[in-house]
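Examining the three-dimensional arrangement
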Number of protein chains: 2
Amino acid sequence: MSLIHTWLPAATPDSDNPLQIIAAEGPYLYTRDGQKLYDAISSWWCKPLGHRHPLVKESLEAQLKIFEHHLPANAYNATIEQLSTLLVGIFTQMDKVIYASDGSSAIEIAMKLSYETRVLQGEAKRCKYLALSGAYHGETIFTLGVCGIANYTQNYQALISQNLFIEDIVYVDSPQDPAWDNAPFASEKLEQFFNQHASQITALLIEPTVQGAAGLKIISRDYLRKLINLARAHGIHIIADEIMVGLGRLGYFSVTKELLGSEPDLVCFAKHLTAGSIPMSSVVVNRSISDIYRKHKQIFPHSHTHSCNSLAAAVAVDYLSLLHNSDILADVRVAETILIEFNIKLKQRFAFISKARAIGAIAAWELNLAAKSMKQIVALAHSLGIHLRPIGNIVYLLPPIYNILEDLKVLLPKIEILFEKLQEPAKG
Amino acid sequence: MSLIHTWLPAATPDSDNPLQIIAAEGPYLYTRDGQKLYDAISSWWCKPLGHRHPLVKESLEAQLKIFEHHLPANAYNATIEQLSTLLVGIFTQMDKVIYASDGSSAIEIAMKLSYETRVLQGEAKRCKYLALSGAYHGETIFTLGVCGIANYTQNYQALISQNLFIEDIVYVDSPQDPAWDNAPFASEKLEQFFNQHASQITALLIEPTVQGAAGLKIISRDYLRKLINLARAHGIHIIADEIMVGLGRLGYFSVTKELLGSEPDLVCFAKHLTAGSIPMSSVVVNRSISDIYRKHKQIFPHSHTHSCNSLAAAVAVDYLSLLHNSDILADVRVAETILIEFNIKLKQRFAFISKARAIGAIAAWELNLAAKSMKQIVALAHSLGIHLRPIGNIVYLLPPIYNILEDLKVLLPKIEILFEKLQEPAKG
């Protein structure tokens, strides 16, 4: 399990050589001991525009002239209405947005909304959730109930509710993999599973095409489409967790809508939403859900203090507008083909790469190396000016996307050098 | 249940006449239809400095020159170290801080930390939590498991884990109530309860002296002290939820430390932390907890993207410094005596006030009025230039504190006028 430095220090951090960051600019982090490091995982996947992009500064300064934040209860403003309109406008069947601050809280909201509509419709027995093996949807205890990665859940088993998981997922190396659009699908087995369990399931949660925490694993689009169709046929809601993949990472606003061609009942966005500046998450709600609340004259009570925070909303409006009015999304789709070609070359050269994956602005390599070598990789990458953060034995790139085509020209040769150095016989 | 307008609109909001806010300045909200309203509940209890206080603007502009946010994993910076030092410095036994964005997530972290130490020490059977009747600690499903208010939990019963609740809490009207420091305590009954259940309880959660969502109910300090001592004697951790009361609302940094004279195992702060500007919550950790992680060489894995957000941290450092270097906290304690005297007068004048409570910069009045009249109260208050948000039949004031003594001179006479108007015979 990746060690997570959430212990922040009064004096010294309890952690292995944490980086002390003194400045950040564009894609670079600058450390106290003089390193200039390319932030190759976009600070946990949330900085599509890198650090200190002028858009963020200008949005915040403009919003600071109006207000930072006012209560979201029975009150609204033009900025949040504009953001809601932009988010709803990604889809054709959506009409409401609910905001929180953490990704985990967005997933909680989506899971609560799905279940509460069951209660309102007299189907309270639909109280289980269905998720995929390898899934990650947050780390609050309820979202750990749909986490398919044992490392995150093992110490909390007594607290976590039992849900259902789909195994035998069809993974691909990239969208050029034949299985991307033509996946083997155990129809009979799955049909049986749904016949047996569907009446107790309220929602299926998916990470559309990329399971992040599992190691940037790519799921066949055809497989996901078939699974969604089957779940829908059994009256199960679809919750799309686009917290990592949405709003640009794969070259689309919504991966579920644009790459799978499907409109989920609930879609969660977060990381890219404010370009990694201010905490904000959102749940975009299909009329399939909101109409049930209207019918029952019920308001969804979930009262995060900073729901609709205006500073966050201002940046989000400007970030989404930038995606509409720039070539960034198209560039990401070009980057994907560059990364796929790069991977073919790498796999031929380096035998220790057991898997090489790429989609959108993401590349990941499973390495046949001992744990000790993974620590060396991070140090080697630092010596090449790149900050990586492997997941187990998986090294990956997930760079800022605003300048992706130029950045790859610098990054990819360095990754090749990194792998060359790994191939050299170890010194002691 | 108070209706919560979390449905944000693409076009028109599904809500009763929501306020459209066009500007905010100091304690005032300005609406599109020309109203200037005193934000008398501090935008859901989070704006101690009101709106657009220069401190917030200056902190954010200074931090924007460095960076907005970088990954918190195995990385830190001077700002977050400074904030952690300030938070830890409120106490004598604390040494670590963990950050999230939502208050709910802070409570989740505290609850997870408490339980994980049990697992690390071979006491996994201590998997229940103890909370107080009337408690509110957030609205994620796990935190709803320690919610003692049925309105929030009723539609989610099948999802919520069963915990234990203390009934028969001793409430007071103010710290001048004799029971504040001398509460009847059912020692024998509670001792029996703890003897029976303590071995399965990991932590007791408390809202130190004020239960917010329950209607700003004030708990006897003596009662809480006795309860904490009893729980401690049975090896139960204390989690203090100071999300609403901490960092100034009652005139103290930490209510548990300064007003109860006790250092909990875990303390959660949020609302005041960033003066209501940027979402941020924090869990301050006692060595009683952090030492167990050190002993087991275990890092707590809870990976909110925006943990340690630097924009939020910058404002928090400056807000806490302001509390240290101004008279605000002392003013709040003076405000408390003014509010207590005001309540004595009000109760004599208005028979429809069944209870009048005050502590710190909070006053609350339970009214014997029909539901219809509560809607009229909000409208009447608007006509007097005050935005209130009653909880059931409880009207309360929880104003910004930076100018509290001046503000009360304007607010209290208006509250008196409001109550006078309520006493007039209804027209039709």
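About the criteria used
- Residues numbered from 1 in each chain as written.
- Chains lettered and ligands numbered in written order.
- Predicted model: local features only at pLDDT ≥ 70, side-chain atom pairs only at ≥ 80, totals over all residues.
- Heavy atoms only, no water.
- Helix = DSSP H or I, 4+ residues; strand = E, 2+ residues; numbered from the N terminus.
- Rg over C-alpha atoms; globule rule 2.2 N^0.38 Å.
- Buried < 20%, exposed > 50% of the residue type's maximum accessible area, 1.4 Å probe, protein only.
- Areas by Shrake-Rupley, 256 points an atom, 1.4 Å probe, with all protein chains shown as cover.
- Phe/Tyr/Trp six-rings, centres within 6.5 Å; stacked < 30°, edge-to-face > 60°.
- Lys NZ or Arg CZ within 6 Å of the ring centre and 35° of its normal.
- Least-squares fit on C-alpha atoms with pLDDT ≥ 70 in both.
- Contact = heavy atoms within 4.5 Å.
- pLDDT = per-residue confidence, 0-100.
- Axes fitted to C-alpha atoms, helices over the stretch in contact; angles between N-to-C directions.
- Parallel < 35°, antiparallel > 145°, perpendicular 65-115°, else oblique.
- Left-handed = near helix turned anticlockwise from the far one by under 90°.
- Domains from an automatic or database assignment.
- Buried area = accessible area lost by both parts, 1.4 Å probe.
- Polar contact = N/O pair within 3.5 Å; in protein donor to acceptor, adjacent residues only side chain to side chain.
- Salt bridge = Lys/Arg side-chain N within 4 Å of Asp/Glu carboxyl O.
- Nonpolar A, V, L, I, M, F, W, Y, C, P; charged D, E, K, R; others polar.
- Pairing = 2+ DSSP bridges.
- Core = buried A, V, L, I, M, F, W, Y, C linked by side-chain atoms within 4.5 Å.

1. Some remarks on the overall build of chain A
A count of helical and extended segments in chain A gives 14 helices and 19 strands. For chain A, whose C-alpha radius of gyration is 22 Å, the value lies close to the compact-globule estimate of 22 Å for 428 residues. Across its three principal directions, the C-alpha atoms of chain A cover 70 × 60 × 45 Å. Taken over 428 residues, chain A has a buried fraction of 66%. In the structure as shown, chain A presents an accessible area of about 14,200 Å², 50% of it carried by carbon and sulfur atoms.

2. Observations concerning the packing of aromatic side chains
Under the definition given, this model contains 26 aromatic pairs over all chains. Aromatic side chains A:Phe350 and A:Phe352 sit 5.6 Å apart centroid to centroid with 40 degrees between the ring planes, which places their arrangement in the tilted category. Comparing A:Phe350 with A:Phe352, the two get one shared label, buried. For the pair B:Phe352 and B:Phe419, a centre-to-centre distance of 5.7 Å together with 85 degrees between the ring planes defines the contact as edge-to-face. One end of the pair, B:Phe352, is in the loop between helix 12 (328-349) and strand 16 (353-359); the other, B:Phe419, is in helix 14 (residues 404-423), and 67 residues separate them in sequence. The exposure class of B:Phe352 is buried, given its relative accessible area of 11%. Taking relative accessible area as the criterion, B:Phe419 reaches 0% and is therefore assigned buried. Among the aromatic residues, those joined into a cluster by ring pairs are A:Phe342, A:Phe350, A:Phe352, A:Trp365 and A:Phe419. For A:Lys36, the ring lying beneath its charged end belongs to A:Tyr28, and the centroid distance is 4.3 Å. In this structure, B:Lys112 is placed above the aromatic ring of A:Tyr156, and the distance from its NZ or CZ to the ring centre is 4.8 Å.

3. Points about unusual backbone geometry
A positive phi angle, near 70 degrees, is found at A:Thr209, a position not held by glycine. Structurally, A:Thr209 is set in the loop between strand 10 (201-206) and strand 11 (210-211). Accessibility expressed as a relative area gives 0% for A:Thr209, which makes it buried. In this structure, B:Cys308 is a non-glycine residue whose phi angle is positive, near 75 degrees. With respect to the helices and strands, B:Cys308 occurs in the loop between helix 10 (287-295) and helix 11 (310-325).

4. Describing the relation of the copies chain A and chain B
After a rotation of 180 degrees and a shift along the axis of 0.0 Å, chain A superposes on chain B with an RMSD of 0.0 Å. The superposition of one copy onto the other is thereby described by a two-fold rotation axis. Looking at chain A, 99% of its interface residues are interface residues in chain B too, so the copies touch through the same face.

5. Here we look at the confidence of the model for chain A
Residue and element names in this part refer to chain A. Chain-level statistics for chain A give a pLDDT mean of 93 and a share of 95% at 70 or above. Note that pLDDT drops below 50 for residues 1-5; the model gives that stretch 21 contacts with residues more than four away or on any other chain. A low-confidence stretch, residues 8-13 stays under pLDDT 50, and its non-local contacts, those more than four residues away or across chains, total 21 contacts.

6. What to know about the packing of helix 3 (residues 78-88) of chain B against helix 11 of chain B
Residues and elements named next belong to chain B. At a minimum axis separation of 9 Å, helix 3 and helix 11 run at an interaxial angle of 40 degrees. For the element pair helix 3 / helix 11, the angle class is oblique. As helix 3 packs across helix 11, the resulting crossing turns out to be left-handed. Contact with helix 3, carried on its side by Thr-79, Ile-80, Gln-82, Leu-83, Leu-86 and Leu-87, involves Ser-310, Ala-313, Ala-314, Ala-316, Val-317, Leu-320, Ser-321 and His-324 of helix 11 and no other residues of that element.

7. Quick notes on the domain arrangement of chain A
Residue and element names in this part refer to chain A. Under the domain assignment, chain A is made up of domain 1 (21-53 + 327-423) and domain 2 (57-325). Here the C-alpha centroids of domain 1 and domain 2 sit 27 Å apart. Every contact between the two is made by 31 residues of domain 1 and, on the other side, 30 residues of domain 2. Interface area for domain 1 against domain 2, summed over the two sides, is near 2,600 Å², with a carbon-plus-sulfur share of 67%. Per-residue buried area on domain 1 facing domain 2 is highest for Trp-45, Leu-329 and Ile-359; these three make up 26% of the total on that side. Put simply, domain 1 and domain 2 have ten residue pairs in polar contact (both at pLDDT 80 or more) between them.

8. Some points on the pattern of salt bridges
Per the counting criterion, the structure on display carries 36 salt bridges over all chains. With a closest N to O distance of 3.4 Å, A:Arg126 and A:Glu123 form a salt bridge. On the accessibility criterion, A:Arg126 (9% relative accessible area) is buried. Where B:Glu416 meets B:Lys345, a salt bridge forms, and the shortest distance between an N and an O atom there is 3.4 Å. Of the two residues, B:Glu416 sits in helix 14 while B:Lys345 sits in helix 12, which places them 71 residues apart along the sequence. Judged by its relative accessible area of 39%, B:Lys345 is partly exposed. Bridged by salt links that share partners, the residues A:Asp95, A:Arg287, A:Asp291 and A:Arg294 form one connected network.

9. Here we look at the interface of chain A and chain B
Contact residues are listed per partner, giving 111 residues for chain A and 110 residues for chain B. Buried area between chain A and chain B, both sides added, is near 9,900 Å², and the carbon and sulfur share of it is 60%. On the surface where chain A and chain B come into contact, there are two salt bridges. Residue A:Lys47 pairs with B:Glu68 through a salt bridge whose shortest N-O separation is 2.7 Å. Counting every contact that joins chain A to chain B gives 41 residue pairs in polar contact (both at pLDDT 80 or more).

10. So, the packing of helix 12 (residues 328-349) of chain A against helix 14 (residues 404-423) of chain A
Helix-helix packing: each pair is described by the crossing angle between the helix axes and the interaxial distance. Residues and elements named next belong to chain A. Across the interface, helix 12 lies against helix 14 with an axial gap of 11 Å and an inter-helix angle of 15 degrees. With respect to helix 14, the axis of helix 12 lies roughly parallel. Considering how the two elements wind past one another, helix 12 and helix 14 form a crossing that is right-handed. Residues Asp-331, Val-332, Val-334, Ala-335, Ile-338, Leu-339, Phe-342, Lys-345, Leu-346 and Arg-349 of helix 12 touch helix 14, and the partners they reach there are Ile-404, Leu-405, Leu-408, Leu-412, Ile-415, Glu-416, Phe-419, Glu-420 and Gln-423. Along the lines of polarity and charge, the residues of the contact of helix 12 with helix 14 split into 13 nonpolar, one polar and five charged.

11. Describing the sheet that holds strand 9 (residues 171-172) of chain B
As a general point, the strands of a sheet are linked pairwise by backbone hydrogen bonds and lie either parallel or antiparallel. Residue and element names in this part refer to chain B. Taken together, three strands build an open sheet; the order of strands is 9-12-11 and the sheet is antiparallel. The sheet is open, and its two borders are formed by strand 9 and strand 11 (210-211), each paired with just one other strand. Pairing of strand 11 with strand 12 (residues 217-219) involves two bridges; the strand directions are antiparallel. Counterpart to Gln-211 in the pairing with strand 12 is Lys-217.

12. Quick word on the pairing of strand 19 (residues 394-397) of chain A
In the case of a regular strand, side chains alternate between the two sheet surfaces. Residues and elements named next belong to chain A. Burial along strand 19 is two-sided: the face carrying Ile-394 and Tyr-396 and the face carrying Val-395 and Leu-397 are both buried. As judged from the four bridges shared by strand 17 (residues 362-367) and strand 19, these two strands associate in the antiparallel manner. What sits directly across from Ala-363, in strand 19, is Leu-397.

13. Observations regarding the pairing of strand 2 (residues 19-25) of chain A
Note that strand 2 of chain A and strand 5 (residues 75-76) of chain B share two bridges and pair parallel. Of the residues in strand 5 of chain B, the one forming a bridge with A:Gln20 is B:Tyr76. The hairpin formed by strand 2 of chain A and strand 3 (residues 28-31) of chain A contains two residues between the paired strands, and A:Gly26 there has a positive phi angle of roughly 55 degrees.

14. Observations concerning the nonpolar core
Counting residues in hydrophobic clusters, the biggest one holds 197 residues, and the most contacted among them are A:Leu83, A:Trp365, A:Phe419, B:Leu83, B:Phe194, B:Trp365 and B:Phe419. Grouped together as the second largest cluster of nonpolar side chains are 55 residues, A:Leu216, A:Tyr252, A:Val255 and A:Leu260 included.

15. Concerning the side chain of B:Thr143
Residues and elements named next belong to chain B. Among the structural elements, Thr-143 can be located in helix 5 (residues 141-144). Only 2.9 Å separates the side chain of Thr-143 from the side chain of Thr-140, close enough to count as a polar contact. Each residue touching Thr-143, except ones within four places of it in the same chain, is listed here: Ser-104, Ile-107, Glu-108, Met-111, His-137 and Gly-138.

16. Considering the environment of A:Glu68
Along the chain, A:Glu68 turns up in the loop between helix 2 (54-64) and strand 5 (75-76). Once the C-alpha coordinates of A:Glu68 and A:Leu311 are considered, the two residues, 243 residues apart in sequence, prove to be 5.4 Å apart. With residues near it in sequence (within four places) discarded, A:Glu68 still touches A:Asn309, A:Ser310, A:Leu311, B:Lys47, B:Gly50, B:His51, B:Arg52, B:His53, B:Val56 and B:Ser277. Of the polar contacts made by the side chain of A:Glu68, one reaches the backbone nitrogen of B:Arg52; its length is 2.9 Å.

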